[in-house]
Amino acid sequence: MATGQTSALMALRDPDIRLMLRVRADDREAFAELVERYQHRLVGVMHHLVGRRDEAEDLAQEVFLRVYRNRHKYTPQAKFATWLFTIANNLALNSIRDRKRRPTVPFEAGDPAASGPLLAHDYGVNRDPPPPHKVQQDELAAVVRRALDDLNERQRMAVVLNKFEDMNYAEIAEVMELTTKAVKSLLSRARAKLRESLQAYIDVDGPPPTYPAGPADDDSPDEE
Amino acid sequence: MPPTDPGDDELTAYLDGELDGAAARAVEAKLANDLTARRQAEGLKKAFDLLDYLPKAEPSPDFATRTITRLQPAVVVPPAAAEPAVAATPTTPSASAVAPLVVPQSARRWPHAAAVAWLAAGVVALGHGYAGHRLAPASGAAEDQANDYRVLAHLPLYLGVEDFDYVKALDATELFGAEYAAPPRAGTDGDAAPTERLSELFRGYPVARRQQLRKLDGDLHDLPAAEQDRLRPVLENYALWLDRLPDAERRELLATPTPAARLEAVTQLYQRQWRDDLPQPQRAKLAATVSATEKAELVGAWKAAEKARRDEWHVARRQWPTLFGRDRQAPWPFSEPGFAKQVDDYVKAVFKVDLALPLPKIDGKSELPGGARLNRAEFVYLKSAHDSATKEGNWFVYGVAVHRLSQQHPYLPEPLPGRPVVTTVATLPADLPPRFKLPPKSFDTATRGKWPDFALEVARKCVAERLPVPESLGPCRPADFAEPVRDFVTKVLVPRLTEAERDGLKKLEGKWPEYPQLVLSLAKLPKYDFAVPTVTLPGAPSLWAKYYGFAPAKE
């Protein structure tokens, strides 16, 4: 009965939980409403994570399907969005790792890109950084995209949840199943790396930026 | 390596509003006294702000529908089915360990339909809701997975298709027929290998549907290459049409319980779209027409006009290089010495008109000679085309006109010189049955004076009155034909016929118009491809069809 009371209290606070409880009771209309309500956020987050819209939609769709398949196991706790993005987190991280293991476009010998994707600091090293006001928005978007891609998948996830889902560290920790302290460290490293990658496009008074000689690689887990 | 000292963690947390009072004040104090720290904080903040430049992806308009539709199999397929979990719990693209499939070049005769936006539009997802799921699982059927790569490569074309009979039905309609489809695009054979998405979709089908798709694929690929090329655009057109439908309508179509019901629904929807796409004045006219008969007549007339335009465009598209290419030249047969004159002779002999005559006046009554088999409009059309050819070099236009009119006014061999030609009531043969008492005025005046039109009308009336058709209506044995036709039949055609064909022809001797009609049909067969002197257009029928036919001939 305690669970029932908890559910009722949660549902009062979070209309999405109320909706999910209807989904749990096999209400298809409720599921449709849930999809309708969360599709923009979920596709948006997935797109920021994987960079491709079609793949983002595939992943978002799979998240919804997993929600439906696991509806009977759903127990209201915290915010519904946290539960949803926990599923999204697992799926997206698996997808990104899977893609790393099986690159779809093989690099040919002699291809200058064979050493890896073009990094944002390649721009800074090889040419003078263009003044920000002259950088076309889409060009800048591409640069930022590369900077985001340059983060490891966990950093990227944390940044996306923090930036675009406006989640605090505790919520991110719950979604990513980390401690709050680990999230703090993760985001610190991520934002430092972003600043480094985007240095050429940041208008800060002071001497020209310098760049490290070797590519950054901090793929190791950040959590404690 | 980016800086990672503990101070950075605090700085970032401060910027994120995650520090409590004391910790926040400590960072603020540091920022107040340390220029480097301030720059560092500013850099962190601006870098974070730059993320706003990332484009925000919105889900496709049909995303929600596609997602919800993917639940359908869970409802349609009973849990006890052979593969209960596959459709209801499709594997994820990421988690599935599907190795990319490689399609051998030889298997790519049918393009992957990359132009078809099936996948992007999400019809793949709808495939899960396809009515084919209602099939009973095939018990014990061994799956031929070795050939699945080919099925997968063509799956976008098969999604709305039940089986080969359905393809034939699509082909038979005027909706997606290959006649007006674009010619095969060069280079489309090098399509991509089947995607994991297709593979996932395919594996999500019940066994019976997979077997059905394999059979469909096998049936199509067992066809002769030319027939495959002809049917491919049918499937592409259908797939594209389905792709462009609103989600709800597409879903409704795919959920129809039987192929016949689906075809009916497709036809009705197509017709409705056609009416909706009419220009506004035509829509208004249709709306203002009360009588159902008149409405049907209006629609019929507009469709006929549309078909004529489409026909002409289709031919023009095929002959574009000839018409407008850099090396524009007279097309066959006008490129052959003397052939233009033979065509003119044919026009005189068969249409019974003289293109040297001036265009008839609107109110003139006898501008066309008696016996002319063309009406005034047809004569104007043919003469204009002829003038355009002789004066401006537009031989293609003339060829189209001659070919079209030859099909509208097929000819039959004339009787031997000196024998009566049945073109009027007065020339009706004496052996006409006594009970054949139709008054002369009952005959269609449009056929009077014209061979073989009048005689054909008499024959039709005999059949209608269940009377024998008199043998003397027209030549119906080799000996009855004038020399060029007789020689052709006896020396050219008959020696080449198979025994069955020869027997069939022999049995029709004495029957008019069946005998001469069979002669023409046999001569026109692709394996013979003969012109019948003085009766059909000069030159091989296949060449006329190739250059001027409205549509590639069906097998």
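Reading guide: rules and limits
Residues numbered from 1 in each chain as written. Chains lettered and ligands numbered in written order. Predicted model: local features only at pLDDT ≥ 70, side-chain atom pairs only at ≥ 80, totals over all residues. Helix = DSSP H or I, 4+ residues; strand = E, 2+ residues; numbered from the N terminus. Contact = placed C-beta atoms within 7 Å. Axes fitted to C-alpha atoms, helices over the stretch in contact; angles between N-to-C directions. Parallel < 35°, antiparallel > 145°, perpendicular 65-115°, else oblique. Left-handed = near helix turned anticlockwise from the far one by under 90°. Expected span 1.5 Å × (residues − 1). Buried ≥ 20, exposed ≤ 12 C-beta atoms within 10 Å, placed from the backbone. Arc of directions from axis to C-beta. pLDDT = per-residue confidence, 0-100. Nonpolar A, V, L, I, M, F, W, Y, C, P; charged D, E, K, R; others polar. Core = buried A, V, L, I, M, F, W, Y, C linked by C-beta atoms within 7 Å.

Q: What is the right way to read the overall build of chain A from this model?
A: Within chain A one finds ten helices and zero strands. Ordered by position in the sequence, the α and β elements of chain A form the string α-α-α-α-α-α-α-α-α-α.

Q: What should I look at first to understand the overall build of chain B in this one?
A: Helix and strand counts for chain B come out as 26 helices and zero strands. Sequence-distant contacts in chain B: of pairs separated by 6 or more residues, those separated by 24 or more amount to 71%.

Q: What am I meant to see in the packing of helix α3 (residues 28-50) of chain A against helix α8 (residues 153-164) of chain A here?
A: A packed helix pair is summarised by two numbers, namely the angle formed by the two axes and the spacing between the axes. All names here are of chain A. Contact geometry of α3 with α8 gives a least axis separation of 10 Å together with a crossing angle of 140°. Comparing the axis directions of α3 and α8 gives the class oblique. Where α3 crosses over α8, the two elements pack in a sense that is right-handed. Of α8, the residues touching α3 (which contributes Gly-44, Val-45, His-48 and Leu-49) are Arg-156, Met-157, Val-160 and Phe-164.

Q: Teacher, can you tell me more about helix α12 (residues 207-221) of chain B here?
A: Taking 1.5 Å per residue as the helical rise, α12 of chain B with its 15 residues ought to reach 21 Å, and the 21 Å between its terminal C-alpha atoms agrees with that figure. Looking at α12 of chain B, one finds that the buried residues are Ala-208, Arg-209, Arg-210, Leu-213, Leu-216, Asp-217 and Leu-220 of chain B.

Q: Can you walk me through unusual backbone geometry in this structure?
A: A negative phi angle characterises most non-glycine residues, just as the trans form characterises most peptide bonds. All names here are of chain B. Residue Pro-452 follows Trp-451 across a cis peptide bond; omega there is -5°. In this structure, Pro-452 sits in the loop between α21 (395-408) and α22 (453-464). Looking along the chain, the bond that leaves Trp-512 and enters Pro-513 is cis, with omega of 10°. Although it is not a glycine, Lys-352 sits at a positive phi angle of roughly 60°. Along the chain, the position of Lys-352 falls in the loop between α19 (339-351) and α20 (376-392). Even without a glycine there, the phi angle at Thr-534 is positive, about 65°. Secondary-structure assignment places Thr-534 in the loop between α25 (514-524) and α26 (541-548). The partly exposed category is assigned to Thr-534, around which 19 C-beta atoms lie within 10 Å.

Q: Would you take a moment to explain helix α10 (residues 164-172) of chain B for this structure?
A: Every α-helix winds through 3.6 residues per turn, so residues three or four apart in the chain are directed the same way. All buried positions along α10 of chain B are accounted for by Val-167, Leu-170 and Asp-171 of chain B. Each buried residue of α10 of chain B sits inside an arc of 100° when the element is viewed along its axis, so together they form one side.

Q: It is not clear to me how the confidence of the model for chain B should be interpreted in this structure. Could you clarify?
A: Detail in the predicted coordinates should be disregarded across regions flagged by low pLDDT. Residues and elements named next belong to chain B. Summary statistics for chain B give a mean pLDDT of 74 and a share of 73% for residues scoring 70 or more. Least confident of the elements in chain B is helix α6 (residues 84-88), whose mean pLDDT is 27; most confident is α25, at 94. Note on residues 73-146: pLDDT is under 50 here. Beyond four places in sequence and across chains, it has 160 contacts. Every residue in residues 178-194 scores below 50 in pLDDT, and together they form 34 contacts with partners more than four places removed in sequence or on other chains. What the predictor reports for the complex is a pTM of 0.39 with an ipTM of 0.76.

Q: Whenever I open this one, the environment of Leu-278 of chain B confuses me. Can you help?
A: Residue and element names in this part refer to chain B. Note that Leu-278 resides in the loop between α15 (259-276) and α16 (280-288). Owing to 15 C-beta atoms within 10 Å, Leu-278 belongs among the partly exposed residues under this scheme. Spatially, the C-alpha atom of Leu-278 lies 9.5 Å from that of Trp-302, the residues being 24 residues apart in sequence.

Q: Honestly, the interface of chain B and chain A in this entry has me stumped. Any pointers?
A: Interfaces are often sized by the amount of accessible area the parts lose when they come together. If you look at the interface, chain B gives 40 residues, while chain A gives 54 residues. Secondary-structure elements contributing two or more residues to the side of chain B that touches chain A are α1 (6-15), α3 (35-50) and α4 (63-69) of chain B. Top element by residues in the side of chain B that touches chain A is α3 of chain B. It accounts for eight residues. Across the side of chain B that touches chain A, the residue classes break down as 21 nonpolar, eight polar and eleven charged.

Q: For this particular structure, what's the right way to read the nonpolar core?
A: Grouped burial of nonpolar side chains is what soluble globular proteins tend to show. Of all hydrophobic cores here, the largest spans 72 residues; its most connected members are Met-46, Ala-158 and Val-183 of chain A. Per element, the largest residue contribution to this core is ten residues, and it comes from α3 of chain A. Residue contacts for Ala-158 of chain A: discarding those within four places in its chain leaves Ile-172, Met-176, Val-183, Leu-186, Leu-187 and Ala-190 of chain A. Membership of the second largest hydrophobic core comes to 49 residues, among which are Val-400, Ala-455, Ala-459 and Tyr-515 of chain B.

Q: Sorry, what's going on with the packing of α8 of chain A against helix α10 (residues 180-197) of chain A here?
A: Residue and element names in this part refer to chain A. Viewed as axis vectors pointing N to C, α8 and α10 meet at an angle of 95°, and their least axial separation amounts to 9 Å. Judged by the angle between their axes, α8 and α10 are roughly perpendicular. Contacts between α8 and α10 involve Arg-154, Gln-155, Ala-158, Val-159 and Asn-162 on the former and, on the latter, Val-183, Leu-186, Leu-187, Arg-189 and Ala-190. When its residues are assigned to classes, the contact of α8 with α10 shows six nonpolar, two polar and two charged.

Q: I would appreciate a short explanation of the environment of Leu-148 of chain A in the present structure.
A: In this fold, Leu-148 of chain A is placed in helix α7 (residues 137-149). You can call Leu-148 of chain A buried: it has 25 C-beta atoms within 10 Å.

Q: Help me out: how do you make sense of the confidence of the model for chain A in this one?
A: Residue and element names in this part refer to chain A. Per-chain confidence: chain A averages 73 in pLDDT, with 67% of residues scoring 70 or above. Across chain A, α10 holds the top mean pLDDT of 93, while helix α6 (residues 120-126) sits lowest at 33. Here residues 103-132 scores under 50 on pLDDT; set against residues more than four positions off or in separate chains, the count is 33 contacts. Ignoring residues within four places in sequence, the model shows residues 205-224, a span with pLDDT below 50, making 28 contacts including any to other chains.

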